Amino acid sequence: MLKQRIITALILAPLALYAILFLPIFWFEIAIAGVVGIGAYEWANMSGVCERPKKLIYMAGAFAICIALSLIVDASTIWYQGQLHGLYRAILTVAVLWWIASLFMVLAYPKYSKFWKDSRSVRTLFGALTLIPTWVAVVALRTSLHDVDPFYGASLIFYVLGIVWAADIGAFFVGVKFGRHKLRPNVSPGKSLEGLLGGIAASFAIIAFAALHYQVEPSRIWLHLAIGGITVAVSALGDLNESMLKRCAGIKDSGKILPGHGGVLDRIDSLTAAFPVFAFCYVTWMA
């Protein structure tokens, strides 16, 4: 299993780096839409959709929505005079509301879950609310200040990846050593409150480095710490949300497409929450 995980990571990492840094914006949008499409196929499976044709239709629908958004909002108008296009901003706002609702669902689980647990349609709707804003967020960040610095948007994506991955590593080691209070045992028994706090603390190292790199004004450092902390905290919610749905579906992994890793959603579940929330905060208070 470890060998498979390493080989898969060695193949995917260079491809991801190239896509983020060097792909033209339109082809970058296509690539991220492809990832979203695969995630949608897996989400359909977690939603109780067993028929392959229906899962493929859901997958194609998610991909098509992303491409339609790309065509509606031309790459040159995603940002105009420092403001994100209104359609993308509205989608990010909906995403924030969805993750607030998801928080209450996770906290209450398994209570009050019947209205969505027994409905494939509702659960597939949850997938759209999770995956489409992820595409919007990544594209919006990638194109930020592209005309001034073509790598600035890429650095924002790496920033989110960095603080989330640092939080995952910190949460693992702190949780193993000091974890006593389970975060949501009904959803994911392995996660602890101590691990979450340890992960947030670990991510602050990346946040501090980024503040120095971007030469943030001292009076605004608190804002970066707050947004970074919120992003990391909500990334844990993305993980818990997928765990809750997998528990309802009676499956361990979202898929098998990544040898040694499971499915695409198993690798990006925390990012599906982190990217939209960070992008919303960025366009609201930091851009």
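Residues numbered from 1 in each chain as written. Predicted model: local features only at pLDDT ≥ 70, side-chain atom pairs only at ≥ 80, totals over all residues. Heavy atoms only, no water.

Asker: Which residues make up the side chain of Ser-188, and what values go with them?
Answerer: Among the structural elements, Ser-188 can be located in strand E4 (residues 188-192). Taking the relative accessible area as the measure of exposure, Ser-188 reaches 9% and is therefore buried. Not counting residues within four places of it along the chain, the set of residues in contact with Ser-188 comprises Leu-240 and Ser-243. (Helix = DSSP H or I, 4+ residues; strand = E, 2+ residues; numbered from the N terminus. Buried < 20%, exposed > 50% of the residue type's maximum accessible area, 1.4 Å probe, protein only. Contact = heavy atoms within 4.5 Å.)

Asker: Lay out the packing of helix H6 (residues 120-142) against helix H10 (residues 264-286) in plain terms, naming residues and giving numbers.
Answerer: Closest axis-to-axis distance for the H6/H10 pair is 8 Å, and the angle between their directions is 60°. When the interaxial angle is binned, H6 and H10 end up oblique. Classified by chirality, the crossing of H10 by H6 is left-handed. Note on element contacts: H10 touches H6 through Leu-265, Thr-272, Phe-275, Pro-276, Phe-278, Ala-279 and Tyr-282, opposite Thr-130, Leu-131, Pro-133, Thr-134, Ala-137, Val-138 and Leu-141. Grouping the amino acids of the contact of H6 with H10 by side-chain chemistry returns eleven nonpolar, three polar and no charged. (Axes fitted to C-alpha atoms, helices over the stretch in contact; angles between N-to-C directions. Parallel < 35°, antiparallel > 145°, perpendicular 65-115°, else oblique. Left-handed = near helix turned anticlockwise from the far one by under 90°. Nonpolar A, V, L, I, M, F, W, Y, C, P; charged D, E, K, R; others polar.)

Asker: Mind laying out the UniProt feature "transmembrane region" (unreviewed entry) in the protein chain, listing which residues take part and the relevant values?
Answerer: Taking the UniProt record as the reference, the feature "transmembrane region" (unreviewed entry) is found at residues 15-44, 56-80, 86-110, 122-145, 151-174, 195-215 and 221-238. Secondary structure content for residues 195-215 is 90% helix and 0% strand, and the end C-alpha separation is 30 Å. (UniProt positions renumbered as here; feature names shortened; annotations may be inferred.)

Asker: Report on the confidence of the model for the protein chain, specifying residues and quantitative values.
Answerer: Averaged over every residue, the pLDDT of the protein chain is 91; residues scoring 70 or more account for 99%. Per-element confidence in the protein chain ranges from a low mean pLDDT of 82 for strand E3 (residues 182-184) to a high of 97 for helix H3 (residues 52-72). (pLDDT = per-residue confidence, 0-100.)

Asker: Before we move on, can you summarise the nonpolar core with the specific residues and values?
Answerer: In this structure, Tyr-88, Trp-135, Leu-141, Phe-275 and Tyr-282 are the most contacted members of the largest nonpolar core, which totals 79 residues. If one sorts the elements of this core by residue count, H10 sits on top with 15 residues. The contacts of Leu-141, once residues within four sequence positions are left out, are Gly-153, Leu-156, Ile-157, Val-160, Phe-275, Phe-278, Ala-279 and Tyr-282. (Core = buried A, V, L, I, M, F, W, Y, C linked by side-chain atoms within 4.5 Å.)

Asker: Which residues make up the packing of aromatic side chains, and what values do they have?
Answerer: Summed over all chains, the structure comprises 13 aromatic pairs. When the ring of Tyr-88 is compared with that of Trp-135, the centres are 6.1 Å apart and the planes differ by 85°; the resulting orientation is edge-to-face. Taken as a pair, Tyr-88 in helix H4 (residues 86-108) and Trp-135 in helix H6 lie far apart in primary sequence, 47 residues in all. The class of Tyr-88 is buried, set by a relative accessible area of 0%. Relative to Tyr-282, the ring of Phe-278 has its centre 6.3 Å away and its plane inclined at 20°; by these criteria the two rings are stacked. (Phe/Tyr/Trp six-rings, centres within 6.5 Å; stacked < 30°, edge-to-face > 60°.)

Asker: Give a description of helix H2 (residues 25-46) that names residues and reports values.
Answerer: With 22 residues, H2 extends 31 Å between its outermost C-alpha atoms, agreeing within 8% with the 32 Å of an ideal straight helix rising 1.5 Å per residue. Of the residues one or two after H2, Gly-48 is the one with positive phi, at around 95°. (Expected span 1.5 Å × (residues − 1).)

Asker: Mind laying out the environment of Arg-89, listing which residues take part and the relevant values?
Answerer: Along the chain, Arg-89 falls in helix H4. In this structure Arg-89 comes out as partly exposed when scored by relative accessible area, which is 26%. Taking the C-alpha atoms as reference points, Arg-89 and Val-283, separated by 194 residues in sequence, lie 8.0 Å from one another. Non-local contacts of Arg-89, meaning those with residues more than four positions away in its chain, are made with Gln-83, Leu-84, Val-283 and Thr-284.

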